[in-house]
Structure formats: structure tokens, C-alpha cells
Amino acid sequence: MTRTLPLLLLLLGPLARAATVNVTVRDARGGAVNDAVVYAVPEGRELPLAKKSAIMDQKNRMFVPHVLPVQTGTSVRFPNSDDIRHQVYSFSSAKQFQIPLYKGTPANPVVFDRAGVVSLGCSIHDRMTAYVVVVDTPYFATTDRKGRGAISSVGAGKYSLRVWYPDMTTEPAPVPLTLAASDNQELVVTVRK
Amino acid sequence: MRSFQAKLVYLTVAVLVLLLAAILIAVHVAGDRTMRRSIDDELHVGSRVLDQTLTLRGRQLSIAVRALASDFAFREAVASADRGTIVSALNNHADRVHADAAFLISLDGTVLAGTLGGQYFGRPFPVPSLLSEAAKHGESTAFVSFEGRPYQFVIVPILAPRPIDWVCMGFPIDDRVLNEVRSLTLLDASVWNPAAENPLMVSTLRQQQRTELASQMQQLGPRRSDATATIQLDNDPFQVLLHPLVTGDGSHIQMLLQRSIEEARRPYRKLELQIFALSLLALIGAVIAAIFFARGVSSPLHRLAAEAQQIEKGDYSSGLEFRQKDEIGKLAGAFDKMRKAIAEREEQIWVQATHDSLTGLPNRTLFFDRVAYSIVGAKRNSSLVGMIMMDLDRFKEINDTLGHHFGDQLLIEIGRRLRQTLREADTVARLGGDEFAVMFLADDESRAIDVAQRIGAALVTPFLLGGVSIEVAGSMGIALFPSHAEDAATLMKRADIAMYDAKKNHLQYAIYEPGRDEHSLRRLAILSELRHAIARDELDLHYQPKIDVRTGKAVHAEALVRWKHPVHGHLKPDEFIPLAEQSGNISMITKWVLRKAITHCGEWNASGVELTVAVNLSALDLFDAELPTYISGLLSEVGLPPSKLVLEITESAVMKDPIYALRILRDLKHRGVKLAIDDYGTGYSSLAHLKRLPVDELKIDKSFVLNLRNAATDDIVIVRSTIELGHNMGLRVIAEGVENDEAWQILKRLGCDMAQGYFISKPLPAPEFRAWMAEAQSSGVGQAFQPAPRAAG
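All residue numbers refer to position in the chain's written sequence, counted from 1. For naming, the first written chain is A and the first written ligand is 1, with later ones following in the order written. Predicted model: local features are reported for residues with pLDDT of at least 70 only, side-chain atom pairs are reported and counted for 80 or more only, and whole-chain, interface and lining totals are derived from all residues. The basis for every side-chain value is the complete set of non-hydrogen atoms in the structure, without hydrogens or water.

What follows is about the interface of chain A and chain B. Contacts between the two partners involve 13 residues from chain A, matched on the other side by 9 residues from chain B. What gets called buried area is simply the loss in accessible area from a 1.4 Å probe that two parts show on being joined, summed for both. With both sides pooled, the region where chain A packs onto chain B buries about 920 Å², and carbon together with sulfur makes up 58% of that total. When a carboxyl oxygen of Asp or Glu lies within 4 Å of a side-chain nitrogen of Lys or Arg, that pair is called a salt bridge. In this assembly, chain A and chain B are joined by 1 salt bridge. A salt bridge links R162(B) to D167(A); its shortest N-O distance comes to 2.1 Å. Throughout this description, a polar contact denotes any pair of N or O atoms lying within 3.5 Å of each other; where both atoms belong to protein, one of them has to be capable of donating a hydrogen while the other can accept it, and for residues adjacent in sequence the pair is counted only when both atoms sit in side chains. Here chain A and chain B share 3 residue pairs in polar contact (both at pLDDT 80 or more) between them. Looking at the side of chain A that touches chain B, the elements with two or more residues in it are β11 (116-122) and β12 (125-135) of chain A. Each residue receives one of three labels: charged for Asp, Glu, Lys and Arg, nonpolar for Ala, Val, Leu, Ile, Met, Phe, Trp, Tyr, Cys and Pro, and polar for the others, Gly being one of them. A per-class count over the side of chain A that touches chain B returns 5 nonpolar, 6 polar and 2 charged. In this description, contact between two residues means that some pair of their heavy atoms is separated by no more than 4.5 Å. Strands here mean DSSP runs of E at least two residues long; helices mean DSSP runs of H or I at least four residues long; both are numbered from the N terminus.

Here it is, written out as C-alpha cells:
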């Protein structure tokens, strides 16, 4: 996340005075929902595929981060920071791939060109799971421990705000959102969990 | 057989049989109960083992399936979404874990692929509860009835790495599983689902038993919890535990565990058999012990019983030897003492029974036995047995005057003398009272007479007892075997008869005369008939006149009784009066005579014939205190003055009891009746005695008169002195037995007052006597009696 922020700032730099949407995701009992991906999908316009890249690291037999939201078309590298080998795979329909047992950083990144949730696993370490959430928008954020996520540098316009979180069974209804320039909106989304 | 031995054996056997039966029953019942409980325990343990086995199997299967589901290639195949690939991968992997059935199920419960020809494809999974269970716990296993067979289904998710689908594998519960259970528990196991087409799904039983089990289970119906039942398989009883499984599809699958009761019972049967065999041995041992014990008790008892029988027969000789110190030994000892005591007592009793206590001589019983015994011997040797019976003369008088003690001493002394006189081999006995008997063996009659004479001689010496010297004489009767009798009883009777003959004839001894016995038989017959003589009017009175010697007139008539016996003809008083006295009938006869005589006399006097009637009184009549009153009554009844009755009494009659007799005589005298002494001169009465008697007349005994001759004889002296004596005492003197003129003349000369006899008249029946009187009066007898001699009697 810390790495993506400067990247986003870099992307949204020209759109000065853009709006920021602060979303808090809570469950039915009011508990914070961590690692939820909140993203605003613009209505009525197609956004060009991003030529971006992201990193899903493997440290201490864990994928880092656990949830990685990317815009459709983003290439994600899977460096292995452990001194043991990993075999990363996905059988998700949004992107099926496999990186046979390797150490270090593989030569080619994996390009996620279809929107959807890609469930990642390691063939020899069943406990290692992670999600690459591929969304058709550059405006997204991951909630922290308090369930808060801030989508910044969002241009004015109409959006529908969506939420995804691990173990989600039913997607909550999208929240329509109309943003003005330099608008700062606070939203609370309650999900069934 | 009811012997002690048998009883003891029966008792022992009965007690032991009861005891052993009780033990056997208790063992059987306890064994059966234990066996049943252990069967139930085994079954319940079996069911837990079964549960455990199946649970473990489920876990292992689930691990296996989970491993399978995480196989990368399998997941890749599933992810390929190519149905053909998916089905073949399912089959392939199912084979790896020996699953019979495999399904791939979407997370929403739809069957995506299956190993069974695709018939479930696109349909909801048939056991949805398994899916929800798996969704909750990440996996699930359950028993289901599938395709008619019992299965264990295992469902695990396919992780990619998040669950993307479910994979379900079905493992049949088959013989292998059940055999495993059986190897652990030794129980037969079956799977039963009553709802299934073939309810007995699997079983370790044989085919035949399966069929029977199926049919019997059908009757039992389904159970919700563990239950036991007893069923018959192949004619063997089995205990069955019905153990329902918790199924995923709600089907009623029940595990059946069977235990053969017969097999479980086998060790108990063996135990029972052993106990039974031991019991039998114990029983046999006890019976043998009882027999030995009983024999130990009963054989001495048998000996004692035999001994008692000996004693019962009178054999006291044998003694028992018992060395035993126990109760039986004591009993035998006591028994032996008793035997000796009885022997002594019997000896004593025998002596008492066979001997006279006073003299110590044999008594009648023993004497009789010895006589009988001797006769038997004499018959063999053709020898003689002699017997003498002796009766003492005047013993009663001695007893009365000198006392019984003196009499007893005399008897003892006589016994001693007899014993001394005779040989050792001879028997001297006292038969009773003053009667002695002697038995001896003889070669001829002379020996008998010799013995009698020796006895007579032995008694000649006076007996000196207590300062009194007394002479004793006895009358002896002799009888001999075989000349007089053939047997002891007759011999004794005949000796007795001979003795009476001797006594009667004042002889020292008499030998039995053949025929005497018949005479005494006649006496007995008469005795018995006498009783009825009066009632039958067989008695009659004859009268014999007494003539006044001076005037020649008949003044008295002596009434003499006759018996017209229907068989023996006329009997004289001599023949039956003694019998009447013996039998106690004399009083009756006397009264009859008195009545008759007084009546006759009354009639005669009334008709002008003046007579006094004389009646004889017996000695016994003098003991009858009523007699004087009776006579007075008769006299006044008839109207005869008492002076017209003379009662004649013999001297000896008065002497029986002089004091009492005197009282009666005085009474009679007082009433005016005349009294006469009869048979004067034969008795022993003293003159002093005579003087005291209140008599009026004296009758000289005919033995002095019969031979009265002119020649000077003793008789004339006696008659003359008697007449003088009588006159001196103021008595009238009568002579009886006057049979000829010579006597008549002598009596007349001597001054006798009255005469009586055949010379004057024999006794005549009343009518004839009356006629005689009439003739005598008319022929002038009244002036001077000159009787013509008549036939003498």
C-alpha cells in the first residue's frame, strides 16, 4: 500500500484539487472490516487499460500484501523474498497461471487483464493465500484495521462505489456517488459478514 | 427293605441329591446369568469397537480424500471445467483411495460430475445435509444408504486455495470392514436397513443364517437406540445387538452384532459337567460311606436282635462279646446284664411256680410233669410208675385247735420225713393243704405197698413240735401205671379215688380198684342233677316207724328221703346226701324234707293217728341260723305242735363247730322241738360234751344193734351201758337196725325205750306207711308188739 500511494499520487498529480472519498467498512455488528477493497467505478465511461505494475511479495511463507487491488491490465510481479522455493498458482477464472517452483524474482510479471478476484495459492504451502482484486477503475483503496480506506484524487463525476472483501459471499449493493471537485466525502458501508 | 442301613443310605442320598441339585441349579442359574451378562457386555463393547472402527475409518478416509482433493493436477483438472476431464480425474482419484462412488459438487450443491454414468449430473446432491455439515466444518463424513448399500461418504472442499467445489467420495461398509470388527470382537456383524430392497446389506454370517436373520429381523422392526434380542439361527440361539447408526441421509441403517449363546455357554457347560461329575463322585462316596457306617451300627444290632430272639426262646446261655467302647458296646453290656438278670429271675419264678413255698417240695404242677415224664420213660422200658396220694387224718382239727403255725410246722416236718423215707429218685410233692403225693418207679405192685407201708411207719413216731407231741395218721391211695391208668392225669385221679376209699374204710392205704372211677363219675353226674331233683319232683319221703318197746305202739316215724333218679333208679341218702353237702344243696333238701314230713305228720295227726315225725339234720344245717325260724313257721303253718317233731343230729355234726351248733340246738329246743343224737357211739364226743347238748333222745348206732345176740358180746355191753347212761341223763334211748326177734327181745330186756328196724318195718312211702299204721292199730299192735319177721333189708 505504501508503495502504491506515491504511484497513485503520481498518476493523479495533474488532477489537482481532485476529490477524496473516505470509506469506512463495517460489518453488521459495527466491527471494522479489514482488508476490504473499496473502489469507485465511473459511470458511463470506459477507462483505458492501465499500463501499471504491482508487486505481490512472499515473505515468511506469506503473500504480502494479503489483498492487492489492481486496475485491469496491471502487471504484477511475484518476487520471492524467502530463502525457500514457492510455487504460485491461481485457478480463478479471472486469471489462471502458475509459476513453477522458483527463488528470487521471476523474469516475467503476470498481467491481470480481466476484472475479477484472483485467488492465489502456493502449491507446497497450503496456508499461503492472497487475493489480487482486479478492478476496472484506478480509484480504489484497501481498508486498514479500523476499516477505513481513503480513495483519493478522484475526479468529479458519477461513480458507483463497490466493496469486496475476502470470504465475501454476496456483493453488497453498489453505492451511487456523485463527486464534485475537491469534494471530500465520508462514506460508511455496512456489509454482511 | 426298611432296615436302618437302607434308611441311612436313603437319607444320605436324599440330602446329598438335594444339596447337589441345589448347587447345580445355582451354578447353572449363576452361570447363565453371568453368560448372558457377558454376552451383553461383549455386544456393547462390540458396538463401541464398531463405532470406533467406523469413526477411525471415516477420519482416515477423510484425510485420504482431503489429500486427494489438494492434488494439484486434480485441482487443475477440476479447474479445467471440461466435464470429460473432470469425470475421468474423479474416477482415477476415487480408485486411488478405493472409493466406490465419487462426486464433484458445486458450492451451491449441484452435482457437477459423478462416477456413476452421469445419472446425478446437474441435479442437487442427494445428501444435502452432508453439504451443509461440510460447509460448517470444512468437511464431513456420514453413513448413507446409497444404491442399496451402506456407505460412508466423505465430503471435502477443493481448495484453490479458497474452496471452489466439493468432492464427495463414497466407501462401502463391506465384508472387509465387518471382518475387521469380527477379528477384534469375535462377534458376527451385519448391516441392516429395513427400508432397503435387500435389507440385510452385508453380513459375516453364512448364507443360511443370513436368510434366517433377515426374516427374524423383519419381525423385530427398526430401533432408534441400542437394543438386544434373542433369535434363532440355524437352530442355535443368538443374542443380537441392534445398533442404529447416525446417518447423513436419515436412513435407518442398523449395525447388528450377533453372539452365539451356545458358544458363549460352552465353558459354563463344561464347568457344569465337571461339577456334576464331582457331585456324582461325592454321592457315590457318601453312599459307600453311609453303607459302611450303617453296617458298623446295624451288624452289632443284628447280633443283639438275634441274641434277643434266643432269650425270647428261653435260651439264656449265650453271652455276647462286644469289644466296642461306644454306645453300642454299652448297649450290649446292658443287654448282657439284663439277660443274666432275666435268667436268674426266671429260675426263681420257675422254682416258685413248681415248688411249694412252705415245704420246698415240688407242687402239683411239677409233680404232674414228672409223672408224665416218668410215664413216657416207663413206656419205653416197660416198667411201672407208682403213685401214692396221702391225705392227713384230722388235720383240720389240729389246725383249728393248735393254730395254723403249728399246722404249717407239722406239714414241713411230714414233708421232711417223707423225703427221708424215700429214695433220691422218688418224687415227694405237696399237692395242697394236707395232701401229699409220692411218685416212684417200681418193678411190681409189691414195691408200691412197700412204699406205702414205709410211709405209714414213718408217721408212727409222734411229732414233737413246740413242746406238743402229736400223732398223725394219713390215708393213702395207690395207683400204678400201666395197670390203672395210661396217663398222668388219670393216674393222679385214680390215686385220689383210692385214697378216698382208704379214708372211707378207715384203712392206712388202698390200691385203686378198677371200676371205682366209673362210680365216681356217676357221683359227679348225680351231683349235677341233684340241683334239679326238687324242681322235677324226683324226691320222695319214706317213713320207718319207731316202736315203743314197752307198749309195742308206733310212736315215731323217721322220714327218710329217696331219689327216684330217672336213670339210676331209687337212690339212698347215703349216695347223694354227702354230695348235696359238698355241693351246698343240702339246705335246700333239708327244707324240702322238713316241709314234706311236717305236712304228712300234720295230716296223720289230724286223721287221728298220733305220731311224732323225725327228720335228720345235716351238719351243715347247724350253721343255718334261719333254720329254727323256718321250722317254727312250718309247724304253725301246718298246725303241728313242736313236740311232734324230732330232729336227729349226729355227734360229728355237732362237733364241726360245737359252739355255733349248740346255739342253734338251744334255739330249737327253746321252740319246743325235740332233739335226738343219731348214730351214737361212732363219734369221739366226750360224755361231758354230750351232757351239754340239749337233747331228748339218744339213738344207738345200728352197728352195735345188728349183731346183738344173747351170747355175751361187747355189743351187748355197749348197748346196755348206753341205755343206762341215756336213762341216767334223762334221755330216751332208741335202737335202730333191729332186724330180728332176738335183738328185739334183748332190747326189751335191757329197757330200751324205742326200736326201729327191718324187723318192725322197712321204710315205706307215705301212703303205704299210712296203711301199715292202720293195719297195726287194727291188729292190736298197740297192745304188745309181736311183729312177724319180714324180709330183712
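Aromatic contacts are taken between Phe, Tyr and Trp rings whose centres are within 6.5 Å, Trp giving its six-membered ring; a plane angle under 30 degrees counts as stacked, one over 60 as edge-to-face, and the others as tilted. Going through the model one piece at a time under the given rule, you end up with 23 aromatic pairs over all chains. Both rings, one in Y89(A) and one in F72(B), keep their centres 5.3 Å apart while their planes meet at 80°; by these two values the pair is edge-to-face. Of this pair, Y89(A) sits in strand β8 (residues 86-90) while F72(B) sits in helix α2 (residues 72-79), which puts the two residues in different chains. Look at Y89(A) and you get buried, because its relative accessible area is 1%. With a centroid separation of 5.6 Å and an interplanar angle of 75°, the aromatic rings of F103(B) and F125(B) are classed as edge-to-face. Pair noted here: F103(B) is in strand β1 (residues 101-106) and F125(B) is in the loop between β2 (111-114) and α4 (128-137), with a separation of 22 residues, a long-range link. Considered together, F103(B) and F125(B) belong to a single accessibility category, that of buried residues. Taken together through their ring pairs, the aromatic side chains of F103(B), Y120(B), F125(B), F146(B), Y151(B) and F153(B) make up a single cluster. Partly exposed residues are those whose accessible area sits between 20% and 50% of the maximum for their type, while under 20% is buried and over 50% is exposed, using a 1.4 Å probe and protein chains only.

Now for unusual backbone geometry. The omega torsion across V64(A) and P65(A) is 0°, close enough to zero to call that bond cis. Within the secondary structure, P65(A) is located in the loop between β5 (62-64) and β6 (67-71). Of note, the phi angle at S382(B) is positive, near 55°, even though the residue is not glycine. You can call S382(B) exposed: its relative accessible area is 68%.

Residue and element names in this part refer to chain B. By the secondary structure assignment, S106 is in strand β1. For S106, a relative accessible area of 10% corresponds to the buried category. Not counting chain neighbours up to four residues away, the residues in contact with S106 comprise L112, D165 and W166.

Residues and elements named next belong to chain B. Spatial strand order, β7-β6-β10-β9-β8: 5 strands in an open sheet with antiparallel pairing. The two strands at the open ends of the sheet, each matched to only one other strand, are β7 (200-203) and β8 (227-233). Each strand axis lies, on average, 30° off the axis of its neighbour in the sheet, ignoring direction. As paired strands, strand β6 (residues 188-192) and strand β10 (residues 254-260) are joined by 5 bridges and run antiparallel to one another. By the bridge assignment for β10, V191 is matched with M255. Where helices are involved, their axes are fitted lines through C-alpha atoms of the stretch in contact, as for all axes, and angles between N-to-C directions lie from 0 to 180°. Together, β6, β7, β8, β9 (236-244) and β10 form the strand contacts of helix α6 (residues 207-220), whose direction differs from that of β8 by roughly 135°. Strands are treated as partners if at least two bridges between them are detected by DSSP.

Here we come to the confidence of the model for chain B. Residues and elements named next belong to chain B. A residue's pLDDT is the predictor's confidence in that residue, given on a scale from 0 to 100. Averaged over every residue, the pLDDT of chain B is 85; the share at 70 or more is 95%. A low-confidence stretch, residues 788-793 (pLDDT under 50), is modelled with 9 contacts involving residues beyond four sequence positions or located in other chains. In the predicted assembly, ipTM is 0.73 and pTM is 0.47.

For a regular strand, the rule is simple: side chains alternate between the two faces of the sheet. Residue and element names in this part refer to chain A. By the criterion of burial, β12 is predominantly enclosed, with 9 of the 11 residues buried. Sheet analysis places β6 next to β12, joined by 5 bridges and oriented parallel. Its bridge partner lying in β12, V70 is registered against V134. The turn joining β11 and β12, which pair antiparallel and follow one another in sequence, is formed by 2 residues.

Residues and elements named next belong to chain B. Judged by nonpolar contacts, the single largest core of 84 residues is most densely connected at Y543 and L647. A per-element tally of this core places helix α16 (residues 586-606) first, with 9 residues. In contact with L647, other than residues within four places in its own chain, are L594, V615, L617, I631, L668, V673, K674, L675 and A676. Here the nonpolar core consists of buried residues drawn from Ala, Val, Leu, Ile, Met, Phe, Trp, Tyr and Cys, with membership extended through side-chain atoms lying within 4.5 Å. Counting 30 residues, the second-largest nonpolar core is a separate cluster that includes L384, F436, A442 and I455.

Residue and element names in this part refer to chain B. By secondary structure assignment, the location of D175 is in helix α5 (residues 175-185). For the pair D175 and T204, spaced 29 residues apart in sequence, the C-alpha separation works out to 6.6 Å. Setting aside residues up to four positions removed in sequence, D175 forms contacts with V202 and S203.

Now for the layout of surface pockets. Think of a 1 Å grid over the protein atoms and nothing else: a 1.4 Å probe that fits but is trapped marks a cavity, an open set flanked by protein within 12 Å on at least five of seven lines marks a pocket, and residues with an atom within 4 Å of a point count as lining. Grid points are joined across faces, edges and corners, and a volume is the space filled by probe spheres set on the points. Volume-wise, the second largest pocket comes out at about 580 Å³. What lines the second largest pocket is a set of 18 residues, among which D167(A), M168(A), L107(B), R162(B) and P163(B) lie closest to the centre. Listed by contribution, the elements that provide at least two residues to the lining of the second largest pocket are β11 of chain A together with β5 (163-172) of chain B. Each residue belonging to the lining of the second largest pocket can be placed in one class, and the counts come to 12 nonpolar, 4 polar and 2 charged.

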